[in-house]
Amino acid sequence: IESSMRVFFLVPLIENGYQYQVSVLVIVCLCHGVSDHQIKKLLDSGEAESVSAVQAQTRCGTDCGTCMNQLHDLVKAAEARRWEASAPISGLFSPA
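**Student:** Explain the overall build of the chain to me, please; I cannot follow it from the model alone.
**Tutor:** A tally of regular secondary structure across the chain gives three helices and three strands. Listed N to C, the secondary structure of the chain is β-β-β-α-α-α in terms of helices and strands. Counting only residues that meet the buried cut, the chain has 26% of its 96 residues in that class. Relative to all contacts within the chain whose residues are 6 or more apart in sequence, the contacts with residues 24 or more apart total 36%. On the chain, roughly 6,900 Å² of surface is accessible, and the fraction owed to carbon and sulfur atoms is 55%.

Shown next as structure tokens:
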């Protein structure tokens, strides 16, 4: 990811004194200012389950299209997480 697409925030963390924690927010769609966090939140909550559903809610990928590969990757990763979460427990039906 190009450095122009990264936004860094310093978040104060108070624990045994005053420290800083760095959080990285990746802007996926520069045209509409859509971050990876926004997309992951939609996908993980079930509010969106496809590229077209994310586009309908965020407009990500509806302008220049440069972000479409990353949007497809995020949707595929979310599908994999949902599949893993719903997969039966390994060995559940194996003979004893």
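**Student:** Would you mind going over the environment of alanine 48 with me for this structure?
**Tutor:** With respect to the secondary-structure elements, alanine 48 resides in the loop between helix 1 (36-45) and helix 2 (51-58). The exposure class assigned to alanine 48 is buried, which follows from its relative accessible area of 1%. Each C-alpha atom of the pair alanine 48 and valine 75 lies 9.1 Å from the other, and the pair is 27 residues apart in sequence. The residues touching alanine 48, leaving out its near neighbours within four places in the chain, are Leu42, Leu43, Ala53, Val54 and Gln57.

**Student:** Looking at this structure, I do not really get helix 3 (residues 68-86). What am I missing?
**Tutor:** Residues that lie three or four places apart on an α-helix share one face, since the helix turns once every 3.6 residues. Its 19 residues give helix 3 an end-to-end C-alpha distance of 27 Å, which sits within 8% of 27 Å, the value for a rise of 1.5 Å per residue. Buried within helix 3 are the following residues: Met68, Leu71, Leu74, Val75 and Ala78. The buried residues of helix 3 occupy an angular sector of 125 degrees when projected down its axis, which confines them to one face. Among the exposed residues of helix 3, those oriented more than 90 degrees off its buried face are Asn69, Lys76, Trp83 and Glu84.

**Student:** Teacher, can you tell me more about the nonpolar core here?
**Tutor:** Note that soluble globular proteins tend to have their nonpolar side chains buried in a common cluster. One finds Val28, Ile39, Leu43, Val54, Cys60, Leu71 and Val75 to be the most contacted residues of the largest nonpolar core, which totals 16 residues. Among the elements of the structure, strand 2 (18-29), helix 1, helix 2 and helix 3 are those that each provide at least two residues to this core. Considering each element in turn, this core owes the most residues, five residues, to helix 3. Excluding its chain neighbours within four sequence positions, the residues that come into contact with isoleucine 39 are Val28, Val34, Val54, Cys60, Leu71 and Leu74.

**Student:** Could you clarify how one ought to interpret the packing of helix 2 against helix 3 in this entry?
**Tutor:** What describes two packed helices is the angle between their axes and the distance between those same axes. For the pair helix 2 and helix 3, interaxial distance at closest approach is 10 Å and the crossing angle is 115 degrees. Crossing handedness for the pair helix 2 and helix 3: right-handed. Residue-level contacts link Val51, Val54 and Gln55 of helix 2 to Met68, Leu71, His72 and Val75 of helix 3. Partitioned by chemical class, the residues of the contact of helix 2 with helix 3 number five nonpolar, two polar and no charged.

What counts, and at which threshold
Residues numbered from 1 in each chain as written. Predicted model: local features only at pLDDT ≥ 70, side-chain atom pairs only at ≥ 80, totals over all residues. Heavy atoms only, no water. Helix = DSSP H or I, 4+ residues; strand = E, 2+ residues; numbered from the N terminus. Buried < 20%, exposed > 50% of the residue type's maximum accessible area, 1.4 Å probe, protein only. Contact = heavy atoms within 4.5 Å. Areas by Shrake-Rupley, 256 points an atom, 1.4 Å probe, with all protein chains shown as cover. Expected span 1.5 Å × (residues − 1). Arc of directions from axis to C-beta. Core = buried A, V, L, I, M, F, W, Y, C linked by side-chain atoms within 4.5 Å. Axes fitted to C-alpha atoms, helices over the stretch in contact; angles between N-to-C directions. Left-handed = near helix turned anticlockwise from the far one by under 90°. Nonpolar A, V, L, I, M, F, W, Y, C, P; charged D, E, K, R; others polar.

Geometric descriptors of this kind do not, in isolation, establish any biological role.
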